[in-house]
Amino acid sequence: MGFRDFPFPIRSANPEFRGDNNRVFFFGPLYKHIFPPTLAPWLSFVGIPCKVIPFPMFELQSKWIASVLSGRIMLPSKEDMLMEIETLYATLEGEGIPKRYTHSLGINHFEYNDWLASQYGCSGTEEWRKEMFLTSFMRKMENPETYRDEWEDHHHLVARAYQDFSMYISTKI
């Protein structure tokens, strides 16, 4: 399903809302896949990037947007945001990446999430999460039919995840 297939009511109401080969344009390009520079910070979008672990990214994007709206974080100027977007587009084009993959972060989503977290002083993605994702990703590439059936000897990752999660679970009743 491509961008043009989504029934956004705003699309039909405003000709400025468009897509270019699945590169999303909401009243112009999006700074950090969230803010259209011409309407920032009043208009923002959560969840545009694809090929990511979605819910942690949604949380980080939402916290960054809230920090911007509350005035704790200032966005760059409209011109600086547009310049950064153009640099990104030129980099993608130089690497031969089609426009339709502009919002496809893939393995780079950890870098994106860590950048978002750093904007409001939070720590980035835990190393065990990155390792677990990359291990699962490689297993999926190597064995697409059976990658979920076996976990081999990656119990140390599960133990690290359990250790992290146990900090948030109360054992007191």
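Details of the structure are given in the entry above.
From a predicted model like this one, the values you see are computed outputs, not experimental measurements. What you see as residue numbers is a count from 1 along each chain, following the sequence as written. Side-chain atom pairs in this predicted model are given and counted only at pLDDT of 80 or more, local residue features only at pLDDT of at least 70, and totals for whole chains, interfaces and linings cover all residues. As a convention, hydrogens and water are excluded, and side-chain values are obtained from all of the structure's heavy atoms.

S.K.: Can you walk me through the overall build of the protein chain in this structure?
M.R.: Scanning the protein chain from N- to C-terminus turns up 6 helices and 2 strands. Helix and strand definitions follow DSSP, with helices as H or I runs of at least four residues and strands as E runs of at least two, each counted in order from the N terminus. Sequence-ordered secondary structure for the protein chain, helices as α and strands as β, is α-β-β-α-α-α-α-α. Taken over 173 residues, the protein chain has a buried fraction of 31%. Working rule for contacts: check all heavy atoms of both residues, and any pair within 4.5 Å makes them a contact. Put simply, 52% of the contacts in the protein chain that link residues at least 6 apart link residues at least 24 apart. Using a 1.4 Å probe, accessible areas were evaluated by the Shrake-Rupley method; residue-level cover was limited to the displayed protein chains. When the accessible surface of the protein chain is totalled, it reaches about 11,300 Å², and 57% of it is carbon and sulfur. Only protein chains enter the accessibility calculation, which uses a 1.4 Å probe. A residue is then buried if its area is under 20% of the maximum for its type, exposed if over 50%, and partly exposed in between.

S.K.: Please clarify how the packing of helix H5 (residues 127-142) against helix H6 (residues 155-166) should be interpreted in this entry.
M.R.: For any two helices packed against each other, one specifies the crossing angle of their axes together with the interaxial distance. Across the interface, H5 lies against H6 with an axial gap of 10 Å and an inter-helix angle of 140°. Classed by the angle they form, the pair H5 and H6 counts as oblique. For H5 against H6, the interelement crossing comes out left-handed. Seen from H5, the contacting residues are Glu127, Trp128, Arg129, Glu131, Met132 and Thr135; seen from H6, they are His156, Leu157, Val158, Arg160, Ala161, Asp164 and Phe165. Classifying every residue of the contact of H5 with H6 by side-chain character gives 6 nonpolar, 2 polar and 5 charged. An axis is simply a line fitted to the C-alpha atoms; with a helix, the fit covers only the stretch in contact. Between two such axes, the angle follows the N-to-C directions and lies from 0 to 180 degrees. Comment on the angle field: the value is read as roughly parallel under 35 degrees, roughly antiparallel over 145, roughly perpendicular from 65 to 115, and oblique elsewhere. Each helix crossing is assigned a hand: it is left-handed if the near helix lies turned anticlockwise from the far helix by less than a right angle, otherwise right-handed if that turn is clockwise. Just so you know the grouping, Ala, Val, Leu, Ile, Met, Phe, Trp, Tyr, Cys and Pro go in nonpolar, Asp, Glu, Lys and Arg go in charged, and all remaining residues, Gly too, go in polar.

S.K.: Hey, could you run me through unusual backbone geometry in this one?
M.R.: Of note, the bond from Ala40 into Pro41 is cis; its omega dihedral lies within 30 degrees of zero at 0°. Here the phi dihedral of Lys32 falls at roughly 55°; this positive angle occurs in a residue that is not glycine. Looking at the element boundaries, Lys32 is found in the loop between strand E2 (23-26) and helix H2 (54-69).

S.K.: Help me understand the environment of Phe45, please; the structure alone is not making it clear to me.
M.R.: When you line up the elements, Phe45 lands in the loop between E2 and H2. Along the chain, Phe45 and Phe35 lie 10 residues apart, while their C-alpha atoms are 6.7 Å from each other.

S.K.: Would you mind going over helix H4 (residues 109-119) with me for this structure?
M.R.: Given 3.6 residues per turn, any residue in an α-helix points the same way as the ones three and four places further on. Within H4, the full set of buried residues consists of His109, Phe110, Tyr112, Asn113, Leu116 and Ala117. Here the buried residues of H4 occupy an arc of 160° about the axis, which is enough to place them on one side. Contacts made by the buried residues of H4 are with H2 and H5. Where H4 ends, the next residue or the one after it, Gly121, has phi of about 80°, a positive value. Picture the helix axis, draw a direction to every C-beta atom, and the arc is the one those directions span.

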